[in-house]
Amino acid sequence: MKVDIIQQKLQLKDAALGKFAKRYLEFVKTADKLTEAESEAMHKELLADLETIEFQAMKAEMNVHNRRRNHEWAAAECQQLRRTIDTTRAEISRLEAQLALEMKKRSNKMEYENYAKMILDFPAPEQSQEE
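This is a predicted model, so every value here is computed, not measured.

Student: Teacher, can you tell me more about the overall build of the protein chain here?
Tutor: Helix and strand counts for the protein chain stand at three helices and zero strands. Reading the secondary structure of the protein chain in the N-to-C direction produces α-α-α. Taken across its 131 residues, the protein chain has 5% of its residues classed as buried. Summing over all exposed atoms, the protein chain offers an accessible surface of approximately 12200 Å²; the carbon and sulfur share of this is 59%.

Student: What's the story with helix α2 (residues 36-121) in this structure? I'm lost.
Tutor: Across its 86 residues, α2 extends 123 Å between first and last C-alpha, which sits within 8% of the 128 Å expected from 1.5 Å per residue. All buried positions along α2 are accounted for by Ser39, Met42, Leu46 and Ile53.

Student: Is there a simple way to explain the pattern of salt bridges in this structure?
Tutor: Enumeration over the complete set of coordinates arrives at five salt bridges. Put simply, Arg23 and Glu45 hold a salt bridge, and the shortest N to O gap is 2.7 Å. With Arg23 in helix α1 (residues 2-30) and Glu45 in helix α2, the pair connects residues that are 22 residues apart, well separated along the chain. Relative accessible area serves as the criterion here: at 43%, Glu45 is assigned to the partly exposed category. Residue Arg23 pairs with Asp49 through a salt bridge whose shortest N-O separation is 2.2 Å. Remark: Asp49 occurs in helix α2 and Arg23 occurs in helix α1; sequence separation between them is 26 residues. Overlapping salt bridges, with partners in common, bring together Arg23, Glu45 and Asp49 in one network.

Student: I'm lost on the nonpolar core in this one. Help?
Tutor: Side chains that are nonpolar tend, in soluble globular proteins, to be buried together. Core analysis: the biggest nonpolar cluster contains five residues, these being Phe20, Phe27, Met42, Leu46 and Ile53. Residue assignment for this core shows that the elements contributing at least two residues are α1 and α2. With three residues, α2 is the single largest residue contributor to this core. Excluding anything up to four places from it in sequence, Leu46 contacts Phe20, Arg23, Tyr24 and Phe27.

Student: What am I meant to see in the confidence of the model for the protein chain here?
Tutor: For residues with low pLDDT, the predicted coordinates do not support detailed interpretation. In the predicted model, the protein chain carries a mean pLDDT of 84, and 87% of its residues have values of at least 70. By mean pLDDT, the top-scoring element of the protein chain is α2 (91), and the lowest-scoring one is helix α3 (residues 125-130) (67).

Reading the values: the criteria
Counting from 1, residues in each chain are numbered in the order their sequence is written. Predicted model: local features are reported for residues with pLDDT of at least 70 only, side-chain atom pairs are reported and counted for 80 or more only, and whole-chain, interface and lining totals are derived from all residues. For the side-chain quantities, the full set of heavy atoms in the structure was used; hydrogens and water were omitted. Numbered from the N terminus, helices here are DSSP runs of H or I no shorter than four residues, and strands are runs of E no shorter than two. Burial status follows relative accessibility: with a 1.4 Å probe on protein chains alone, a residue under 20% of its type maximum counts as buried, one over 50% as exposed, and anything between as partly exposed. Using the Shrake-Rupley algorithm and a 1.4 Å probe, accessible areas are obtained, with residue cover drawn only from the displayed protein chains. An expected span of 1.5 Å times one less than the residue number is assigned to each helix. We count a salt bridge whenever a side-chain nitrogen from Lys or Arg sits within 4 Å of a carboxyl oxygen from Asp or Glu. We call a set of buried Ala, Val, Leu, Ile, Met, Phe, Trp, Tyr and Cys residues a nonpolar core when their side-chain atoms join them within 4.5 Å. Residues are treated as being in contact if the distance between any of their heavy atoms lies within 4.5 Å. pLDDT expresses how confident the predictor is about each individual residue, on a scale running from 0 to 100.

As structure tokens, then:
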């Protein structure tokens, strides 16, 4: 869609430049037949048209420059986001490993506490022999 719009704009600018060239050639051919006032008026019109065309060309150049700059900015932002994603993934992996270790430690501690409770619930071997 954007390509179609760009092509249409280029065709319009091509047509405007073509019309300007034709008017200029007509001016050159008929310059000696025109009165000074007609010649000056046509000359002013041609200069105005030329300024418009130059302005459009400058505008197009600025658009290209801005798009290129925006593309470069977007590419840099994309790279920064990818680095952030990679860093975050690495941090998640590290935290998953740390969580697994902490869960194992907690499990071992609970198991140890259960064994300790069982040991405390039963009398010592010396006490059971005395009874």
